Amino acid sequence: MKAVNKLNITIVILIVCVAVFAVWHNREPKATAVFGQQDEPPMKIGPKAGLLAPSFSLQGTDGTTYVVDGPREKAVLVNFWASWCDPCKEEAPELNTMATKYKDVLDIYGINVSSQDYKPNAERFIKKYGLVFPVMFDVKDEVYSKYNGAVFPTNVLIDKNGVISEIILGILSPEELEKKIIKLTES
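Sequence order sets the numbering: in each chain, residues are counted from 1 along the sequence as written. It should be noted that, the model being predicted, local features are given only for residues of pLDDT at least 70 and side-chain atom pairs only at 80 or more, the latter also being counted only at that level, while totals for whole chains, interfaces and linings use all residues. Computation of side-chain values: all heavy atoms of the structure, hydrogens and water removed.

Within an unreviewed UniProt entry, the label attached to the chain reads Redoxin, and the organism entered is Paenibacillus odorifer.

Here you go:
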């Protein structure tokens, strides 16, 4: 009989502890001052929508060094691609169109992930499609790794505050891509 009483008491104590934890866990947060915080960019950096874009700088084929690092004058679309990628071939003309059409509010940076490509083929790709936006070579897979690259193409939409708006894996229709660019650039 004593063992049954000890078991019942243990069960009651366990239920009380779980109830106390549930009430504590679901309590209302204390009031905190938020004045001015709504327009501030996040402090965390990472390859995820809502976080600051991981910074990088790469030299373009034109000799200019291009940088993504915090606030900037224009939004940016970072396009990771490889010359053997059929969807990359399909979207290249559309990226050219968007780069020209939205040049006042959007930079497009094409980044060939050279560690997974053959650089001479990538150079032929640039010429064949007449890419009008800056193109860089990520020779050591450093930038692609910062963005947890997994597929080609990968397009990273970054707003003027340096915050990732969206990461697009694979290709979108030209209409879908343009809608996202309009939303990103507020144009």
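A. Main features of the sheet that holds strand β4 (residues 106–112). Pairing between strands is defined by DSSP: at least two bridges between the two strands are required. Only DSSP runs of H or I with at least four residues qualify as helices, and only runs of E with at least two residues qualify as strands; both kinds are numbered from the N terminus onward. Here five strands make up an open sheet; going across it, the order is β5-β4-β3-β6-β7 and the pairing mixed. Only two strands of the sheet have a single neighbouring strand rather than two, namely β5 (135–137) and β7 (164–169). Averaged over neighbouring strand pairs, the angle between their axes works out to 20° when direction is ignored. A contact between two residues is defined here by any heavy atoms of the two lying within 4.5 Å. All axes are obtained by fitting lines to C-alpha atoms, using only the stretch in contact for helices, and the reported angles, taken between N-to-C directions, cover 0 to 180 degrees. Strands in contact with helix α2 (residues 86–101) are β3 (75–81), β4 and β6 (154–158); relative to β3, the strand with the most contacts, it is inclined by about 160°. Against the sheet, helix α3 (residues 119–129) makes contact with β3, β4 and β5, and its axis sits at roughly 175° relative to β5, the strand it touches most.

B. The arrangement of the packing of α2 against helix α5 (residues 174–185) in detail. As a packed pair, α2 and α5 sit with axes 11 Å apart at the nearest point and diverge in direction by 30°. Between α2 and α5, the crossing angle belongs to the class labelled roughly parallel. Along this stretch, α2 crosses α5, giving a crossing that reads as right-handed. Contacts between α2 and α5 involve Glu94, Leu95, Met98 and Lys101 from the former and Pro174, Leu177, Glu178 and Ile181 from the latter. For classification purposes, an angle smaller than 35 degrees is called roughly parallel, one larger than 145 roughly antiparallel, one from 65 to 115 roughly perpendicular, and anything else oblique. Throughout, a crossing is termed right-handed when the near helix is turned clockwise from the far one, and left-handed when it is turned anticlockwise from it by less than a right angle.

C. Representation of the pairing of β3 within the structure. Each residue gets one of three labels from its accessible area relative to the maximum for its type: buried under 20%, exposed over 50%, partly exposed in between, using a 1.4 Å probe on protein chains only. Buried residues dominate β3, accounting for seven of its seven residues. Of the two faces of β3, the one lined by Ala75, Leu77, Asn79 and Trp81 and the one lined by Val76, Val78 and Phe80 are each fully buried. Two strands pair when backbone bridges link them, and β3 and β4 are joined in this way by seven bridges, in the parallel orientation. For asparagine 79, the partnering residue across the bridge sits in β4 and is glycine 110. Alignment of β3 against β6, held across five bridges, turns out to be antiparallel. In the strand pairing of β6, asparagine 79 is matched with asparagine 155.

D. Region of the structure containing the layout of surface pockets. Residues are said to line a cavity or pocket when one of their atoms sits within 4 Å of a point; the points come from a 1 Å grid over protein atoms alone, cavities being sets where a 1.4 Å probe fits but cannot get out and pockets being open sets with protein on both sides within 12 Å along at least five of seven lines. Grid points are joined across faces, edges and corners, and a volume is the space filled by probe spheres set on the points. Of the pockets and cavities examined, the largest pocket occupies roughly 170 Å³. Looking at the largest pocket, the residues that line it are Glu73, Ala75, Asp104, Val105, Asp159, Lys160, Asn161, Lys183, Leu184, Thr185 and Glu186. Three classes are used, and their members are as follows: Ala, Val, Leu, Ile, Met, Phe, Trp, Tyr, Cys and Pro are nonpolar, Asp, Glu, Lys and Arg are charged, and the others, Gly among them, are polar. Each residue belonging to the lining of the largest pocket can be placed in one class, and the counts come to three nonpolar, two polar and six charged.

E. Geometry of empty space enclosed by the protein. Using the criterion set out here, one finds one cavity of 30 Å³ or more in the structure. If you add up the space inside the largest cavity, you get close to 40 Å³. Taken together, Asn79, Trp81, Cys88, Glu91, Ala92, Leu95, Gly110, Phe125, Leu131 and Phe133 make up the lining of the largest cavity. Of all the elements in the fold, those that place two or more residues in the lining of the largest cavity are β3 and α2.

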